[in-house]
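# Observations on the model geometry
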Amino acid sequence: MSGYQKSHLKQLEAEAIHVIREVAAQFERPVLLFSGGKDSITMAHLARKAFFPSKIPFPLLHVDTGHNFKETIDFRDRYMEQIGARLIVRYVQDSIDQGRVTEETGPYASRNGLQTVTLLDALKEFNFEAALGGARRDEEKARAKERFFSHRDAFGQWDPKNQRPELWNLYNGLKLPGETFRVFPISNWTELDVWMYTRDEGIELPSLYFSHQRRVINRDGVLLGASEVVYPVGDELIEEKTVRFRTIGDMTNTGAVESPAADIHAIIEEVASARITERGARADDKRSEAAMEDRKKQGYF
């Protein structure tokens, strides 16, 4: 890797660590949102570096839809034990059982949108003031509108037209009672930056990210992993393909891509030449032109 690339990654790392430390300084009860994906793993790694040799001084929160890949949950539990972090898990199934949300029905049903209520309930339960997330501006146009410190009203809702200016790395965490913040320390990173950083730092990632044989269903151009919650509809077929996942989320909407990239160096080469964003294989983003922005306004991270 060139000296410029090393310098670029070090600048991104320093910026992210600065933001994480600002959160710890300005808020009494922050939490780090953890999905088991590469961005949240990178966030946990950065938080460890920010407070080393102490442990991460705030808990990690995973909103489990109940439709996660087994590989993700296995990795999550192993990783939490490895880093000695406190993990809080809240379940969408509990929100359904309590009547807080109504589950979608039918073969195209997804719990992805339901997790917003579970998340907001968890933030209220523990009185978390700021939730650190691994969203990046290059992922999707709604996320490109985010500030590092993203203000949420007392209902957990986001107004993209009512965000505070951020000048000279100064972040304003002033809030009224009931209001919260979402904070995105790796906002300026790209997918390629994350992969190069994980390579340089030797960060372990779930096996889903690397090429493997998997039974998949082609649903409207998205390769979904066949499972008990994703099954053929109509003339759809289950096929065996060599795939990997560029993002990790709910099995009902996280699509794979055909790829021979079985190690991190091959993935970096693949990402560098990709013409489709990593969320291009997310079925939930295809529900409408403004699907992500609508979810964010309701409280999604």
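My aim in this report is to walk through the structure given alongside it, one point at a time.

Cut-offs applied
Residues numbered from 1 in each chain as written. Predicted model: local features only at pLDDT ≥ 70, side-chain atom pairs only at ≥ 80, totals over all residues. Heavy atoms only, no water. Core = buried A, V, L, I, M, F, W, Y, C linked by side-chain atoms within 4.5 Å. Buried < 20%, exposed > 50% of the residue type's maximum accessible area, 1.4 Å probe, protein only. Helix = DSSP H or I, 4+ residues; strand = E, 2+ residues; numbered from the N terminus. Domains from an automatic or database assignment. Contact = heavy atoms within 4.5 Å. Pairing = 2+ DSSP bridges. Axes fitted to C-alpha atoms, helices over the stretch in contact; angles between N-to-C directions. Right-handed = clockwise from strand over helix to strand, strands pointing away.

In this section: the nonpolar core. Phe 149 and Trp 195 are the most contacted members of the largest nonpolar core, which totals 55 residues. Looking at this core, the elements that each hand over two or more residues are helix 1 (3-26), helix 2 (38-51), helix 3 (70-83), strand 4 (130-132), strand 6 (180-183), helix 6 (191-201), strand 9 (238-245) and helix 7 (264-273). Two domains share this core, each providing at least three of its residues, namely domain 1 (6-191 + 290-298) and domain 2 (194-286). If we skip the residues at most four places from it in the chain, Trp 195 touches Lys 38, Leu 205, Tyr 209, Phe 210, Arg 244, Ile 264, Ile 267, Ile 268 and Val 271.

Here the focus is the pairing of strand 8 (residues 222-225). Burial along strand 8 is two-sided: the face carrying Val 222 and Leu 224 and the face carrying Leu 223 and Gly 225 are both buried. Inspection of the sheet shows strand 7 (residues 212-219) paired to strand 8 by four bridges, in the antiparallel sense. Looking at the pairing, Asn 218 lines up with Leu 223 of strand 8. In this antiparallel pair of consecutive strands, strand 7 and strand 8, the connection spans two residues, and Asp 220 shows a positive phi of 55°. Direction of pairing for strand 8 relative to strand 10 (residues 255-258): antiparallel, over a ladder of two bridges.

Here we come to the sheet that holds strand 3 (residues 87-91). Strand order in the open sheet formed by six strands is 3-2-1-4-6-5, with mixed pairing between adjacent strands. Every interior strand has two partners, whereas the edge strands, strand 3 and strand 5 (149-152), have only one. Sheet twist, expressed as the mean angle between neighbouring strand axes with direction ignored, is 30°. As defined by bridge partners, strand 4 adjoins strand 6 across three bridges and the pair is classed as parallel. Bridge assignment links Ala 130 to a residue of strand 6, and that residue is Phe 181. Sitting on the sheet, helix 3 is in contact with strand 2 (60-64) and strand 3, with an inclination near 165° to strand 2. Contacts between helix 5 (residues 115-125) and the sheet are confined to strand 1 (30-33), strand 2, strand 3, strand 4 and strand 6, with strand 2 contributing the most and set at about 150° to the helix.

Now for the pairing of strand 3. Note: strand 2 against strand 3, five bridges, orientation parallel. The residue bridging Leu 60 from the neighbouring strand is Leu 87, located in strand 3. Assessed by its sense of winding, the connection that carries the chain from strand 2 through helix 3 to strand 3 is right-handed.

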